[in-house]
Amino acid sequence: MNTFFTQVYAIVEQIPHGKVMSYGQIARELGRPRAAREVGWAMRYCPDGLPWQRVVKADGAITGGIYAEMRKQLLEAEGVPFLPDGRVDMKLCNHI
C-alpha cells in the first residue's frame, strides 16, 4: 500500500467522534500542505472500519458522490453541527 495513504489513514483513525478534519488539514498534518487532492484519493480507497465520514472539504461541504447523503447522516448521528446550507460547521467541530 502507498505509504502516504497509510499515513492518511493513521490520522483519520484518530479523528474523534463528533469532530471532522478537512482534506487540506490532513495534508498539512503530514507535512504536505499542497496534497489535499492526494488525501482525497487515499480516502477513495479507505479501508473498512475507518471513520471516513469525518473527512470533509475545507468549507465543511460533504463530498462522496452517491455516499454524500450517507456521510451526512452518519455525521448527524454523531452530533456534528451543520450550517443552514447543509455544510458542516467547521468552527464548532473542527478536530484541529
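The structure contained in this document is the topic of the report that follows. (Residues numbered from 1 in each chain as written. Predicted model: local features only at pLDDT ≥ 70, side-chain atom pairs only at ≥ 80, totals over all residues. Heavy atoms only, no water.)

## Description of a nonpolar patch on the surface
- A contiguous nonpolar patch, built from Ile 66, Tyr 67, Met 70 and Leu 74 and spanning about 420 Å² of accessible area, is present on the exposed surface.
- Assignment of secondary structure puts Met 70 in helix 4 (residues 68-77).
- Take Met 70: its relative accessible area is 38%, and that puts it in the partly exposed class. (Patch = residues over 30% accessible without salt bridge, like charges linked within 9 Å, V, L, I, M, F, W, Y side chains within 5 Å. Areas by Shrake-Rupley, 256 points an atom, 1.4 Å probe, with all protein chains shown as cover. Salt bridge = Lys/Arg side-chain N within 4 Å of Asp/Glu carboxyl O. Helix = DSSP H or I, 4+ residues; strand = E, 2+ residues; numbered from the N terminus. Buried < 20%, exposed > 50% of the residue type's maximum accessible area, 1.4 Å probe, protein only.)

## A look at the packing of aromatic side chains
- Following the criterion strictly, the structure yields three aromatic pairs and no others.
- Each ring, one from Phe 5 and one from Tyr 9, has its centre 6.3 Å from the other, and the planes form 65 degrees; the classification is edge-to-face. Linking Phe 5 with Tyr 9, this pair stays in helix 1 (residues 3-13), spanning four residues, or about one helical turn.
- Phe 5 sits in the buried class, given a relative accessible area of 14%.
- With a centroid separation of 6.5 Å and an interplanar angle of 80 degrees, the aromatic rings of Trp 52 and Tyr 67 are classed as edge-to-face. (Phe/Tyr/Trp six-rings, centres within 6.5 Å; stacked < 30°, edge-to-face > 60°.)

Read these as layout, nothing more, since geometry by itself doesn't imply function.
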